[in-house]
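# Examination of the molecular architecture
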Amino acid sequence: LDKVRSEILSKYPTKVARKRAKQILVKPGGAGTDIPEIGANVRTVPGILTQRGCCYAGCKGVILGPTRDVINIVHGPIGCGFYAWLTRRNQTRPASDDSPNYMPYCFSTDMQDENIVFGGEKKLKQAIQEAYDIFHPQTISVFSTCPVGLIGDDIHSVCREMKETLGINIFGFSCEGYKGVSQSAGHHIANNGIFQHVVGLDDTIRGGEFRINLLGEYNIGGDAFEIERILDECGISLISTFSGNSTMEQFANSHTADLNVVMCHRSITYMAEMMEKKYGMPWIKINFIGARATAQSLRKIAQYFEDDSLTARVEEVIAREMPAVNEAMEANRPLCEGKLAMLFVGGSRAHHYQELFSELGMKTMAAGYEFAHRDDYEGRQVLSSIKVDADSRNIEELSVEQDPDKYRLRKTEEELTSTGQIYREYDGLIADMKPNTFVIDDISQYETEKLIEAIKPDVFCAGIKEKYIIQKSGVPMKQLHSYDYGGPYAGFKGAINFYREIARMTNSKVWSYVKAPWEKEPELTATYAAA
Ligand code: CFM
Ligand code: HCA
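About the cut-offs
Residues numbered from 1 in each chain as written. Chains lettered and ligands numbered in written order. Predicted model: local features only at pLDDT ≥ 70, side-chain atom pairs only at ≥ 80, totals over all residues. Heavy atoms only, no water. Helix = DSSP H or I, 4+ residues; strand = E, 2+ residues; numbered from the N terminus. Buried < 20%, exposed > 50% of the residue type's maximum accessible area, 1.4 Å probe, protein only. Near = heavy atom within 4 Å. Nonpolar A, V, L, I, M, F, W, Y, C, P; charged D, E, K, R; others polar. Axes fitted to C-alpha atoms, helices over the stretch in contact; angles between N-to-C directions. Parallel < 35°, antiparallel > 145°, perpendicular 65-115°, else oblique. Left-handed = near helix turned anticlockwise from the far one by under 90°. Contact = heavy atoms within 4.5 Å. Expected span 1.5 Å × (residues − 1). Polar contact = N/O pair within 3.5 Å; in protein donor to acceptor, adjacent residues only side chain to side chain. Areas by Shrake-Rupley, 256 points an atom, 1.4 Å probe, with all protein chains shown as cover.

### Topic: unusual backbone geometry
At the junction of F242 and S243, the peptide bond is cis and its omega measures out at 0° in the coordinates. Take S243: it is sitting in strand β7 (residues 236-243). One non-glycine residue, N436, lies in the positive phi region at around 60°. Structurally, N436 can be placed in the loop between α20 (429-432) and β12 (438-440). In this structure N436 comes out as partly exposed when scored by relative accessible area, which is 47%. Of note, the phi angle at K456 is positive, near 45°, even though the residue is not glycine. Inspection of the secondary structure assignment puts K456 in the loop between α21 (445-455) and β13 (459-462). Among the residues examined, K456 registers a relative accessible area of 59% and is labelled exposed.

Laid out in structure tokens, this is it:
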């Protein structure tokens, strides 16, 4: 792999090679080796063909996209608006036919040249009014795209004014696409906005005895429905999810729960930390991707509550679900065992999905994130050693204080640690990779092609931009963002779906036919038959 790495780097200009060298690691072999440092959350080299998206995509598309009872107005040109229009396959299930669901709509101020030249605030005000008149929502939020930041429209003052006028909750996000170096900046901005404008507004106590929030689950392909089913069977009340299958009402009420469980740590740990400071709610890392990881996560939740009846119920659910999982695992494992996978996805899935591949007996040969930070690779313990650069400083860090009325210490530090449970922690991706595998941050198109040539994986997982290049090289490709219209893949039933899908894909002959016969044998051959 070191040779492959050198070959890849040798094709770059010196400056680019120096930069990429920090972001392309071969995991060292041998026991007890330290986790190497990786370059992450830094600007992409222009022209390199990155997988990354923008800050606005992270804020509007990712964090706020899955919430159904808010009208999200994209302030900008229509192209940006279209991009937010359910392209992420985040599903939702309104409580009844007449509960609000604005997700199938696409709201945009459709900025034109005139608005860029003379300002777009007036148009934004009109758009808010129009959305209100037609739909009468409880909440409207506004998202700035690049040109808005460039011309200096003050969306926040427009929101304040319209909030006053209409008497509903209206707030804005300065999530211009160019802020930060990727989607990741948008996550942070979204977390800040929801925390400041929504969380804590409704103190009503809902749910049963064991009340949690699920942070960093976005209901792609119906994942949240399967997780909700499992939690429900365990008797665990889900107060709010940030933000799969969610409502603003749930966010407003989320500070009343007892525990935050964090799934996608990259996108939402900001919220967990702010809620702990302000409201006294602790958080643990969990993962519902993979059947074993799901079982382990349920046990972690039960451990927090230290209640025998809950523990018993969780064990019952696991015992009830696992036979079907094991049956599917046993049926599909022989078809997959020993095969190689490569995963290049956002900021947590390239790690989480390794669970499912290892349940199938497959090896992850190369993995990496588009926009993760060093802690996602190396583990949370490196947080304090990460240098804050100008791009990160650009993103506001809220100063959060204990709420004088609503703070409620759920458990003392002693109570938290007495069960051996680890709080506020997650391991990075590198620790879980096998020796002699690749870990690559912000992989480029060229590097993707080189890796495929060198490793010849049996399946490559990434996104829509990479999909067809990978397939054209004769390798099965699974989108781990949208699931290629499949899923759910979370929880127990999701694991079964995934085993079947991967077994099907990696055993299909169709990929060997990608090369046309004349590409393999360009010269025509024939036998001359004498009359
Ligand atoms: Fe978290 Fe996500 Fe991901 Fe992400 Fe994303 Fe996504 Fe992703 Mo696409 S929040 S980091 S910004 S798990 S949209 S649901 S699939 S890149 S790995
Ligand atoms: C985003 C959304 C995305 C894109 C997926 C892809 C998603 O980053 O803005 O490139 O295929 O999951 O929909 O990550």
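### Thoughts on the site of ligand 1
Near ligand 1 there are 14 residues, and of these R88, H187, C264, F371 and H481 occur at the shortest range. Counted by class, the shell around ligand 1 contains 6 nonpolar, 6 polar and 2 charged residues.

### Some remarks on the packing of helix α9 (residues 183-197) against helix α12 (residues 265-279)
The N-to-C vectors of α9 and α12 enclose an angle of 30°; their axes lie 8 Å apart at closest approach. Relative to α12, the element α9 lies roughly parallel. Handedness of the crossing formed by α9 with α12: right-handed. On the side of α9, the interface is formed by S184, H187, H188, N191, N192, I194 and F195, while α12 contributes R266, S267, I268, Y270, M271, M274, M275, K278 and Y279. Grouping the constituent residues of the contact of α9 with α12 by class yields 8 nonpolar, 6 polar and 2 charged.

### Structural notes on helix α13 (residues 291-305)
An ideal rise of 1.5 Å per residue puts 21 Å on 15 residues; α13 measures up with 22 Å between its terminal C-alpha atoms. At the C-terminal side of α13, E306 shows a positive phi close to 45°.

### Brief notes about the site of ligand 2
Residues in close proximity to ligand 2 include A57, Y83, R88, Q183, G463, I464, K465, Q479 and H481, which together make up its full environment. Here Q183 contributes a side-chain N or O atom positioned 2.7 Å from an oxygen atom of ligand 2. In the model, an oxygen atom of ligand 2 is placed 2.9 Å from a nitrogen or oxygen of the H481 side chain. Burial of ligand 2 by the protein amounts to 86% of the accessible area it has alone, namely 360 Å². The class makeup of the residues in the shell around ligand 2 is 3 nonpolar, 4 polar and 2 charged.

### What to know about the environment of E7
Of note, E7 is situated in helix α1 (residues 2-10). Expressed as a C-alpha distance, the spacing of E7 and I502, which sit 495 residues apart in the sequence, is 31 Å.

### Quick look at the packing of α13 against helix α14 (residues 308-336)
Two numbers describe how α13 lies on α14: the axes approach to 10 Å, and their chain directions differ by 180°. As judged from the angle between their axes, α13 and α14 are roughly antiparallel. Seen from α13, the contacting residues are A291, R292, A295, L298, R299, A302 and F305; seen from α14, they are L310, T311, V314, E315, I318, M322, V325 and M329. For the contact of α13 with α14, the residue count by class is 11 nonpolar, 1 polar and 3 charged.

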